[in-house]
Amino acid sequence: MRVLGIETSCDETGIALYDSERGLLADALFSQIDLHRVYGGVVPELASRDHVKRLVPLMREVFAKAGLQPGEVDAVAYTAGPGLVGALLVGGACARALAFAWGVPALGVHHMEGHLLAPMLEETPPAFPFVALLVSGGHTQLVRVDGIGEYELLGESLDDAAGEAFDKTAKLMGLPYPGGPEIARLAEQGRPGTFVFPRPMTDRPGLTFSFSGLKTAVLTAWQACAEQGEPDAQTLADIALGFETAVVETLTIKCRRALKQTGLKRLVIAGGVSANRRLRQQLEAMTAELNGNVFYARPAYCTDNGAMIAYAGCQRLLAGQQDEGGIETRARWPMEQLPPIALKA
Ligand code: ATP
Ligand code: MG
Ligand code: FE
């Protein structure tokens, strides 16, 4: 089955063609980062308008890359939520219109299921069951995954998501949006131990996260430095490293707990923050100690992309799922509400 995937949940227009027999055929992405950077974050209305502009050229590009004529697909999958409603509607309307014109089914895909399954596109995909750490701009969740659509939420953030903490901390340090890659880059020059920030909620049992206090701790340190004049590049790097280390250690402690609690050996990390090098290294070391393994996607498939939506959509379409006539979009949509993939008789 060949599926066109369309991702427009936030500030990336992602398009891909996935074939269940041959794998990923082509994908293309347009990131609106430069458009939103001047505002320090995503402006929803601008995002929707830009998706309108990018969709058709990107689609032409992927069909051409795959050596296919537009419409040579068996189905269209699109991100139905969670995300910005206006942005989702653009992708959803486009997907439904194309599916109608081409006479093929359409399916609305859960954005976080897309992230979760992105590591399946790599050479050594994880086998079920596993523990997944979803760490993105809007989510920080630990999930027990027994199959596609078989999700048990083990813990999540009470306040900011991990990616959001990176973005907000970067902003208060005067760094551009998105903050994750900026902080990671600066941290490379940081001197370990110069700034030590708290590891929130690690001193009590459980798998709940909280990152807003960490951001405040950085703000306090930042203001103390700023009182002595403009912080220099080394101070910036030291704070970045202190912050990144605190987030990575906190995530690692909780992942270890989740593996112990479930008795599972495989850990999957997904979402934009899973592109973080320090996080990958720490989780490699931690899972190796437990005789386990960690799986993740290449950096381009950690952040938003069309490939993960084409892939996730394809798995569900193969199992016979498809939308009724309307455009499904949901700003909020708990992943546990998804149906399991029914095994075909
Ligand atoms: P959601 O998927 O929850 O709806 P989103 O789609 O905005 O949110 P993603 O695209 O998965 O989130 O990821 C973007 C986030 O990842 C941003 O917060 C960004 O700062 C963060 N990020 C990207 N690269 C890195 C990195 N190398 N280190 C840390 N954070 C990173
Ligand atoms: Mg984005
Ligand atoms: Fe995302």
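- Going by what an unreviewed UniProt entry lists, the protein is known as tRNA N6-adenosine threonylcarbamoyltransferase and is assigned to Halopseudomonas pachastrellae.
- The UniProt entry for the protein carries the following comment under Sequence similarities (unreviewed entry): "Belongs to the KAE1 / TsaD family."
- Recorded in UniProt for the protein, the comment headed Catalytic activity (unreviewed entry) runs: "L-threonylcarbamoyladenylate + adenosine(37) in tRNA = N(6)-L-threonylcarbamoyladenosine(37) in tRNA + AMP + H(+)".

**Quick look at the packing of aromatic side chains**
Here comes step 1: All chains considered together, the criterion is met by 6 aromatic pairs.
Here comes step 2: When the ring of Phe-63 is compared with that of Trp-102, the centres are 5.9 Å apart and the planes differ by 85°; the resulting orientation is edge-to-face. Highlighted residues: Phe-63 in helix H2 (residues 44-65) and Trp-102 in helix H3 (residues 85-102), separated in sequence by 39 residues.
Here comes step 3: Taking relative accessible area as the criterion, Phe-63 reaches 2% and is therefore assigned buried.
Here comes step 4: Using a relative accessible area of 25% as the deciding quantity, one classes Trp-102 as partly exposed.
Here comes step 5: Relative to Phe-130, the ring of Phe-128 has its centre 5.4 Å away and its plane inclined at 20°; by these criteria the two rings are stacked.
Here comes step 6: Assessed through its relative accessible area of 32%, Phe-128 is described here as partly exposed.
Here comes step 7: Across from the ring centre of Phe-30, 3.8 Å away, lies the NZ or CZ of Arg-54, which sits over that ring.
Here comes step 8: Arg-330 extends its terminal NZ or CZ atom over the ring of Trp-333, reaching a point 4.5 Å from the ring centre.

**Some details on the coordination of the iron ion (ligand 3)**
By definition of the ideal shapes, a tetrahedral metal site with four donors has angles of 109.5 degrees and an octahedral site with six donors has angles of 90 or 180 degrees.
Here comes step 1: With distances of 2.1 Å, the protein atoms coordinating the iron ion (ligand 3) are His-111 (NE2), His-115 (NE2) and Asp-304 (OD).
Here comes step 2: Donor residues for the iron ion (ligand 3) sit on one chain with the sequence pattern H-x3-H-x188-D. A residue pair is termed long-range when its members are at least 10 positions apart, and His-111 in helix H4 (residues 111-117) and Asp-304 in the loop between strand E10 (293-295) and helix H10 (306-318) qualify at 193 residues.
Here comes step 3: Classification of Asp-304 by relative accessible area gives buried; the value is 11%.

**A few points about the site of ligand 1**
Here comes step 1: Around ligand 1 lies a shell of 21 residues, among which Ser-136, Gly-138, His-139, Asp-167 and Asp-304 are the nearest.
Here comes step 2: At 2.9 Å, a backbone N or O of Gly-138 approaches an oxygen atom of ligand 1.
Here comes step 3: The backbone of Gly-272 places a nitrogen or oxygen atom 3.0 Å from an oxygen atom of ligand 1.
Here comes step 4: Protein contact buries 88% of the 650 Å² of open area that ligand 1 shows by itself.
Here comes step 5: Put simply, the parts of the chain that give the shell around ligand 1 at least two residues each are H4, helix H5 (162-172) and helix H6 (179-187).
Here comes step 6: Inspection of the shell around ligand 1 shows a minimum of three residues originating in each of domain 1 (2-117 + 303-337) and domain 2 (126-296).

**Describing the nonpolar core**
Here comes step 1: Leu-4, Ile-6 and Leu-116 are the most contacted members of the largest nonpolar core, which has 61 residues in total.
Here comes step 2: At 8 residues, the largest contribution of residues to this core is made by H10.
Here comes step 3: A domain split of this core shows at least three residues from each of domain 1 (2-117 + 303-337) and domain 2 (126-296).
Here comes step 4: When near neighbours in sequence (up to four residues on either side) are disregarded, Leu-4 contacts Ile-15, Ala-16, Leu-17, Met-59, Val-62, Phe-63, Val-73, Ala-75, Val-76, Ala-77, Leu-98 and Trp-102.

**A few points about the sheet that holds strand E7 (residues 140-147)**
Here comes step 1: Strand order in this open sheet of 5 strands is E8-E7-E6-E9-E10, and the pairing throughout is mixed. Sheet topology places strand E8 (150-156) and E10 at the edges, where each strand pairs with a single neighbour. Here the strands of the sheet are splayed against their neighbours by 25° on average, with no regard to which way each runs.
Here comes step 2: Alignment of E7 against E8, held across 6 bridges, turns out to be antiparallel. Each bridged residue has a counterpart across the sheet, and for Arg-144 the counterpart in E8 is Glu-152.
Here comes step 3: Strand contacts of helix H9 (residues 277-289): strand E6 (130-135), strand E9 (266-270) and E10, with the helix running at about 170° to E9, the strand carrying the most contacts.

**Side note on the state of the cysteines**
Here comes step 1: Inspection of every chain in the model, using the stated rule, returns 0 disulfides.
Here comes step 2: Summary of cysteine pairing: Cys-10 is not part of a disulfide, and the nearest cysteine sulfur, belonging to Cys-302, is at 16 Å.
Here comes step 3: With no disulfide of its own, Cys-255 lies closest to Cys-302 among cysteine sulfurs, the gap being 14 Å.
Here comes step 4: On the basis of relative accessible area, Cys-255 is assigned to the buried category, the value being 0%.

**What about the coordination of the magnesium ion (ligand 2)?**
Here comes step 1: In the first shell of the magnesium ion (ligand 2), the protein supplies Asp-11 (OD) and Glu-12 (OE), at 2.2 to 2.3 Å from the metal.
Here comes step 2: Residue Glu-12 is classed as buried on the basis of its relative accessible area, which comes to 10%.

Thresholds, definitions, all that
- Residues numbered from 1 in each chain as written.
- Chains lettered and ligands numbered in written order.
- Predicted model: local features only at pLDDT ≥ 70, side-chain atom pairs only at ≥ 80, totals over all residues.
- Heavy atoms only, no water.
- UniProt positions renumbered as here; feature names shortened; annotations may be inferred.
- Phe/Tyr/Trp six-rings, centres within 6.5 Å; stacked < 30°, edge-to-face > 60°.
- Helix = DSSP H or I, 4+ residues; strand = E, 2+ residues; numbered from the N terminus.
- Buried < 20%, exposed > 50% of the residue type's maximum accessible area, 1.4 Å probe, protein only.
- Lys NZ or Arg CZ within 6 Å of the ring centre and 35° of its normal.
- Donors = N, O, S within 2.8 Å, 3.2 Å for Na, K, Ca; no water.
- Near = heavy atom within 4 Å.
- Polar contact = N/O pair within 3.5 Å; in protein donor to acceptor, adjacent residues only side chain to side chain.
- Areas by Shrake-Rupley, 256 points an atom, 1.4 Å probe, with all protein chains shown as cover.
- Domains from an automatic or database assignment.
- Core = buried A, V, L, I, M, F, W, Y, C linked by side-chain atoms within 4.5 Å.
- Contact = heavy atoms within 4.5 Å.
- Pairing = 2+ DSSP bridges.
- Axes fitted to C-alpha atoms, helices over the stretch in contact; angles between N-to-C directions.
- Disulfide = S-S within 2.5 Å.

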